[in-house]
Structure formats: structure tokens, C-alpha cells
Amino acid sequence: MVWWPPAFPLMPETSKMIPTKKDFSAKARIRDMDEYKALYQRSVETPEAFWKEQAQSLTWMHPPDAVCDTSVPGEHNWFSGGRLNVAVNCVDRHAAATPDKTAIIWAKNEPGEYENITFAELKRNVGRVANVLRSLGVRKGDRVCIYMPMIPEAAYAMLACARIGAIHSVVFAGFSAEALRDRIVDAEAKVLFTANEGLRGGKKIELKRIVDDALDGMTMVESVLVARRTDADVPMKGGRDQWLDEAMAQQRAACPAEWMASEDPLFILYTSGSTGKPKGLVHSTAGYLLYTSLTHRYIFDAREDDVHFCAADVGWITGHSYIVYGPLCNGVTTVLFESTPLYPDASRYWKTADDIGATLFYTSPTALRALMREGDEPVKQGKRESIRVLGTVGEPINPEVWRWYHDVVGEERCPIVDTWWQTETGGILISPLPGATPLKPGSATLPFFGIKPLLVDANGNRIEGNDVSGLLCIEGSWPSQARTIWGDHQRFLNTYFTAFPGLYFTGDGCRRDEDGYYWITGRVDDVINVSGHRIGTAEIESALVSHDAVAEAAVVPKPHDIKGQGIHAFVVLTESSDLGADEVSGTLKQQVRHAIGAIATPEEVIAVDALPKTRSGKIMRRVLRKIIAGEAHQLGDLSTLADPTVVDQLLEKLK
Ligand code: WTA
């Protein structure tokens, strides 16, 4: 289902350009638009030559024979014949050149507490964890699930998998036992990493207990490795569970790296789609690593002495690409931030940035909206002098929040990179280059090297020229494009390559303004973006109807001041339901938390007598979307509605 035209207004009229900062540009990798345009032209006109040259930044065990084969959409492959190892690129080569340099700064949940891990230490720890995995019988191609808080062991586990060629599937530690189990089963993981407990803000999260629930009655997972984050003792199941520190202590630090083919899968990462169960997007070894490191180098203008502070979680693609793989491949110090932007107060990011000398800072519009609400004073509690580039990702940023980020946080000194991309794209596709691109608050601006965005209408006609809106597609392939959906290649093709034949369909609406700048307007499918997290309406609906009292459910987004979008659910109760009117919302919210996790909790669950449906029985979510957004006066074409009185009943109910 494609929502077009969008239910909410497009971006405001184009604002004036903010010129690049002279001091920054003078030292930048790409210093002006002429340089950007020249390199961009070369990247799209002679992609083979461009990517062949870029690929030299990686350390290969055997160089590739070819650059790319992208002739059939959805069957792309890159750098065939090449052999390499991601851990060698992200760890070993820096451990050899700069062993004492800090690879990871772990900013613990408690303010002011940090732990630095050098590249030499990282290599030893990754080697030990890799040997633990080998001792458990994990071999190339096996799947390993990682359900961990933001602690160094999470990065060790990812890189250890990469070292021996196991495919990791990191599951965000905020997901519930049920959601974790679904992901373990889909990937058929045989080993799972977790921690006894996680700490986040003022909260403790009983990760091991959740894992035990998820694995209850399951034999697929043979071994559970438990990192010790707190003093809490947790039940350990004999023959299955062991403490990670004890297992590591029994292993040598040296572990030979597997020679991986360019196209061998590096990881699976689950994300929500508009239908059915979550999709396990599969990313490749060479193309993914090359593209994430290259984008990190140019979009953050990254240098050897940078400290890259990305406040995301490794459970999301941003954490994979711009906490772990991109920065470490470039030999840049990266930060694992365990806490939250508001713990213990709204100055946390800025004090942390000062303490660790962060030079590059990357966060989400949701976090910025929450911080802006707290005023400027907490920002001023940090000096922020070390920061050179500010970035955002995950959702459209409102121009006023962008302004605040630029004027107050960056004191008009730092360029802002509003980076548009997706789990499926592996790395950033549309973004300013900080020394070259004049900025417009709210616009992700222009495509990165090698990327050809285009807009189509709902019938698939290409929309040429500027000052136009449409559905965002990408023509051709780029190295870090997802290769498939784990176990379901047909679903991969159907989801991304059939709506508009020959093109990759992003699921986003977009405007190209009179200067050719791109403005992402948000999802046009049944995916809700809550605080930058993608959640499919179908998943929430299925969680709701799995409750005995619910006969039918429909879920729609409503604009939310902080979260961007909030989740609103309508349910029709079964005749036998014994839920009292005052119990419906609380009980069913709890149901969703249980099935998916706290991030998917609806703002409200409203019991109604009937849902608006077409004559063929399809729920008209478009109508619900409008009603909940207070736009009942513009419900659009209702001629397909089976029973028009349903709308009146709904309006009456929501009065
Ligand atoms: C949205 C996150 C506007 C978009 C890296 C996309 C954005 C979805 C931006 C992917 C941005 C991401 N401006 N919208 N700068 N970045 N989005 O897979 O709707 O978690 O399709 O990847 O987030 O979310 P995902």
C-alpha cells in the first residue's frame, strides 16, 4: 500500500541556503561544489573506474577481479573474486600501525566514567572471543545472535564473528523476549551473546532473564555467552550458558582471520516492513565495508585524530555502520555511549563530548527535539569546543530543530550533515558534504558519490526537473546495498524492485526543490517512524489481535512533538471480551510491549464498534490516519467505503 499523496503537508517552502564555513572548507577533503560535482560526475559516469580506485582503501587478501555486476536489479554483486576480512580491516591493520591508539571509548551509563580500549587490546579481545566461538563449533556462515547493551563486548562479538566468517544478527536490547525469539528462529542462530543485566539511564534491564524466556523450550541455541555488566548473579543453565569473561580467559588472543569472499554475508539486521514479520536484511562483506568507510570519511570529513561520537545503539544500522564498521575501518576512535541523552540531565551529551574530546557528533532528530525542549542552559554546561561536524539521521528534522542544533549546539561554527539512508542501503546515500555543500535546514541536500536518486509518480513515471515531488527511488546499485532478505529472496525482490521495475524503491516520499536539493518527507507505506525507529503497522496489529479480546485492529501514525510520529491503535473487541472500558488501553498497550518491546507501545488503544473498510473488506487506514490527525474535514474519496456510517461513529467516539 502506498500512501501518496502524503497525509501531512510537504516540507515548508524552500529556505535560503546557508553557505559553507570558510575555515572548515579550507581544510576539508572536498572544499567546494565544483570539487563535489566533478567527483560526483566521475562516480556516476565511470562507476567501474571510480569504485576500483576507492576499493584500494581496503586491505585485500586477494584483490577482486571485477568491480560490479549490476545488470539485473536485485541481483547486484560487487568486487567478485576478492578476498578480505572485515576484522583485519577494522582492527589488525590499525593494531599494527597504531597499537596504542584508542579504538573504542566506552562512555558508561554513569556520568564521567569512561574506559579506553586501544587497537592492540581490541585485537586481543576480538581474537579471544573469536576463539571462544570456534571452540563452541561456530564455523563460517553460521549465525550468531547478539542481544547486548552498549558495552565493549558487543563490538568484540560483532568483530569476532567477522573474524571467523560467522554472520551476526544484532537484536536491539529493547526488544521483548517474543521479538528476540522470532529473530533467533528466523536466522537459526546457534550461539547467543547477552549480558547479565543492562544499565540505561536510571534503569536496569534484566537481559539474561529475557533471554531465558526467549529460549524457553528451544534447542536451536546451543550456547549462551553472558557478559558481566553488573554484579547481579543470574541463573546459568548447565551445558548451555557460560560467563563470557571466563570463556575468554581460557582462549588465546591470536586467532587467524578467515578469508572471506567479497559477497559473503557479514551480517543480518532485522527491520520492519509494511507487511508480515520483520525482514532480515543481509549485508555483504566488501561492498558494505567499502561504502561505510568511504561515506564516513567524506560525510564526516573524518581524520586520523578524530573522536567519532555517534549516540546510536549497535542494535540499529546506524550503530553497525557508523559506530563499529565505518569509523574502525578508517582507524578513527569511536564511542560506545551506554546512556541516554537525558541521564542524569539534558547536559549529558555535551559534557560527554567535552570529557572525551569528541570531534564528530551524530544523533537523531528525536533526541534533539527532546533536548531543545529543555532549553539552551544544559547545552551551555558543555563547552563543545572539540566538535567539528554535527550529524543527524533517522527521520526528517524540522527546520526549527535544525536551526537550534546549528545555532545553539554548534554556535554557527559547525556544518550539519542531515544524512538520509536506510537499513537496506547500508550507508548514507543523500547528505551534504560538510566543507562543500551549502545547507538548507531540513533538507538532506544532494546524493553521495555513485548514487542516482530519482522521483517517480504512483504509476512509475519518472518526474524530471526541479521543484517537484514524488516517490524516492534509486537507479542502479551501490556497494553497500542489501543483498537479500534472509531466507526469502523473492520477498526482497517483491518489496524493493517490483513496484517500479528497474529501480530500487525506498518507501519514502520526497521533494526535489528548485535547486535540486532533496527533502525527505517520510514513509509512504505502512511503516511508522517512532523516534527514528521503524515499526510496521502490521506487526503491531498482529500483536493486538493475538489477544483473546481483540477481533480486529488497525494502527496508524499521528504526528508527535518529540517522537516525530506516535502509534495510535483502533481495535474492535470480540463478543466474548470481558475487558472493561477502562482496561482496554492499558491491557492492550501491555500486550504490544510484551510482543515487540517498549518502543512499539501505542500512545492509545481505542475500542470502536467497527473499522472503516472497503467493500472488498480492506481496512481503510487512510481514513483513520486523517481522523486521528484531526483532519476529518479532508477525508478524501470515500466512495469505496462499505459502510459510511462507520466514519460518523468514529468521529462521535473521538469527540
Ligand atoms: C527515515 C536509519 C528523513 C526514512 C538509517 C527512511 C530519514 C527510514 C532520514 C530508514 C533523514 C532516515 N531524513 N528521513 N535524514 N534518515 N530517515 O532503516 O523514512 O532505521 O526510509 O535506517 O528512516 O530507517 P532505518
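Report on the overall build of the protein, specifying residues and quantitative values.
Tallying secondary structure elements over the protein gives 20 helices and 31 strands in all. By the compact-globule yardstick of 26 Å for 655 residues, the protein fits well, its C-alpha radius of gyration being 24 Å. Along the longest, intermediate and shortest principal axes, the C-alpha atoms of the protein span 70 × 65 × 55 Å. Summarising the internal contacts of the protein: among those between residues at least 6 apart in sequence, 72% fall at separations of at least 24. Entry remark: accessible area of the protein is about 24500 Å², with carbon and sulfur atoms responsible for 49%.

Give me the lowdown on the nonpolar core, citing residues and values where you can.
Judged by nonpolar contacts, the single largest core of 168 residues is most densely connected at Leu122, Leu133, Phe193, Tyr325 and Phe449. Setting aside chain neighbours within four positions, we find Leu133 in contact with Val138, Val144, Ala160, Cys161, Ile164, Val191, Phe193 and Leu225. One finds Phe361, Val401, Trp404 and Val409 within the second-largest nonpolar core, a separate group that totals 31 residues.

Describe the site of the ligand, listing the residues and the values that go with them.
Neighbouring the ligand are 17 residues, the closest being Asp418, Thr419, Thr423, Asp508 and Arg534. Here an oxygen atom of the ligand sits 2.9 Å away from a polar atom, N or O, in the side chain of Arg523. Arg534 is positioned such that a nitrogen or oxygen atom in its side chain is 2.8 Å from an oxygen atom of the ligand. Surface burial for the ligand is 96%, taken as the share of its 530 Å² of free accessible area covered by protein chains. Of all the elements in the fold, those that place two or more residues in the shell around the ligand are helix H11 (317-329), strand E20 (416-419) and strand E26 (518-523). For the shell around the ligand, the class distribution of residues is six nonpolar, six polar and five charged.

Can you lay out the packing of aromatic side chains for me, pointing to particular residues and giving the numbers?
One pass over the structure, following the stated rule, counts 36 aromatic pairs. Taken together, a centroid distance of 5.0 Å and an interplanar angle of 75 degrees make the contact between Phe309 and Phe361 edge-to-face. In this pair, Phe309 is assigned in strand E16 (residues 307-310) and Phe361 in strand E18 (residues 360-363), connecting sequence segments 52 residues apart. Phe309 sits in the buried class, given a relative accessible area of 0%. Among the residues examined, Phe361 registers a relative accessible area of 0% and is labelled buried. Among the aromatic residues, ring-to-ring pairing joins Tyr36, Tyr40, Phe50, Trp51, Trp60, Trp78, Phe79, Tyr291, Tyr298, Phe448 and Phe449 into one connected group. Note that Arg183 overlies the ring of Phe175, its terminal NZ or CZ placed 4.3 Å from the centroid. For the cation-ring pair, Arg228 lies above Trp243, with the distance from its terminal atom to the ring centre recorded as 4.2 Å.

Talk me through helix H17 (residues 537-545); I want residue IDs and the actual numbers.
In terms of burial, H17 is a largely internal element, seven of the nine residues being buried. Residues of H17 that are buried include every one of Thr537, Ala538, Glu539, Ile540, Glu541, Ala543 and Leu544, and no others.

Please provide a residue-by-residue account of the state of the cysteines, values included.
Here the structure, examined in full by the defined rule, presents zero disulfides. The thiol of Cys255 is unpaired, and the distance to the nearest cysteine sulfur, on Cys161, comes to 11 Å. Unpaired in terms of disulfides, Cys473 finds its nearest cysteine sulfur in Cys510, a separation of 10 Å.

Can you break down the pairing of E20 residue by residue, with the values?
On E20, burial covers both faces: Ile416 and Asp418 on one face and Val417 and Thr419 on the other are all buried. Crossover connection from strand E19 (residues 389-393) via helix H15 (residues 399-409) to parallel E20: handedness right-handed.

How would you summarise the sheet that holds strand E21 (residues 452-456) if you had to cite specific residues and measurements?
Pairing between sheet strands relies on hydrogen bonds along the backbone, with the strands arranged either parallel or antiparallel. Taken together, the five strands give an open sheet; going across it, the order is E22-E21-E23-E25-E26, and neighbouring strands pair in antiparallel fashion. Each end of this open sheet is capped by a strand with a single partner; those strands are strand E22 (462-463) and E26. Sheet analysis places strand E25 (residues 503-512) next to E26, joined by five bridges and oriented antiparallel. When the sheet's bridge partners are listed, Arg511 is paired in E26 with Trp519.

Could you give me a rundown of the sheet that holds strand E4 (residues 102-107), with the residues and numbers involved?
Pairing in this open sheet of seven strands is mixed, and the strands run E5-E4-E17-E16-E18-E19-E20 from one edge to the other. Where the open sheet ends on each side, the last strands, each with one partner, are strand E5 (114-118) and E20. Here the strands of the sheet are splayed against their neighbours by 20 degrees on average, with no regard to which way each runs. Sheet strands in contact with H15 are E18, E19 and E20, and its direction is about 160 degrees off that of E19.

Residue-level account of the pattern of salt bridges, with values.
Enumeration over the complete set of coordinates arrives at 36 salt bridges. The salt bridge partner of Arg42 is Glu53, with a shortest N-O separation of 3.2 Å. Of this pair, Arg42 sits in helix H2 (residues 33-45) while Glu53 sits in helix H3 (residues 47-54), and the two are eleven residues apart along the sequence. Residue Arg42 is classed as partly exposed on the basis of its relative accessible area, which comes to 29%. Note that Asp213 is salt-bridged to Arg209, the shortest N-O span being 3.1 Å.

Give me unusual backbone geometry: which residues, what numbers.
With an omega dihedral of -5 degrees, the bond running from Tyr343 to Pro344 counts as a cis peptide bond. Tracing the backbone through its elements, the reader meets Pro344 in the loop between strand E17 (333-337) and helix H12 (348-356). Despite not being glycine, Asp467 shows a phi value in the positive range, around 60 degrees. Checked against the element boundaries, Asp467 lands in the loop between E22 and strand E23 (468-475). Located in the positive-phi region is Ser531, a residue other than glycine, with phi close to 50 degrees.

Reading the values: the criteria
- Residues numbered from 1 in each chain as written.
- Predicted model: local features only at pLDDT ≥ 70, side-chain atom pairs only at ≥ 80, totals over all residues.
- Heavy atoms only, no water.
- Helix = DSSP H or I, 4+ residues; strand = E, 2+ residues; numbered from the N terminus.
- Rg over C-alpha atoms; globule rule 2.2 N^0.38 Å.
- Contact = heavy atoms within 4.5 Å.
- Areas by Shrake-Rupley, 256 points an atom, 1.4 Å probe, with all protein chains shown as cover.
- Core = buried A, V, L, I, M, F, W, Y, C linked by side-chain atoms within 4.5 Å.
- Buried < 20%, exposed > 50% of the residue type's maximum accessible area, 1.4 Å probe, protein only.
- Near = heavy atom within 4 Å.
- Polar contact = N/O pair within 3.5 Å; in protein donor to acceptor, adjacent residues only side chain to side chain.
- Nonpolar A, V, L, I, M, F, W, Y, C, P; charged D, E, K, R; others polar.
- Phe/Tyr/Trp six-rings, centres within 6.5 Å; stacked < 30°, edge-to-face > 60°.
- Lys NZ or Arg CZ within 6 Å of the ring centre and 35° of its normal.
- Disulfide = S-S within 2.5 Å.
- Right-handed = clockwise from strand over helix to strand, strands pointing away.
- Pairing = 2+ DSSP bridges.
- Axes fitted to C-alpha atoms, helices over the stretch in contact; angles between N-to-C directions.
- Salt bridge = Lys/Arg side-chain N within 4 Å of Asp/Glu carboxyl O.

Limitation: the analysis is restricted to geometry and does not speak to function.
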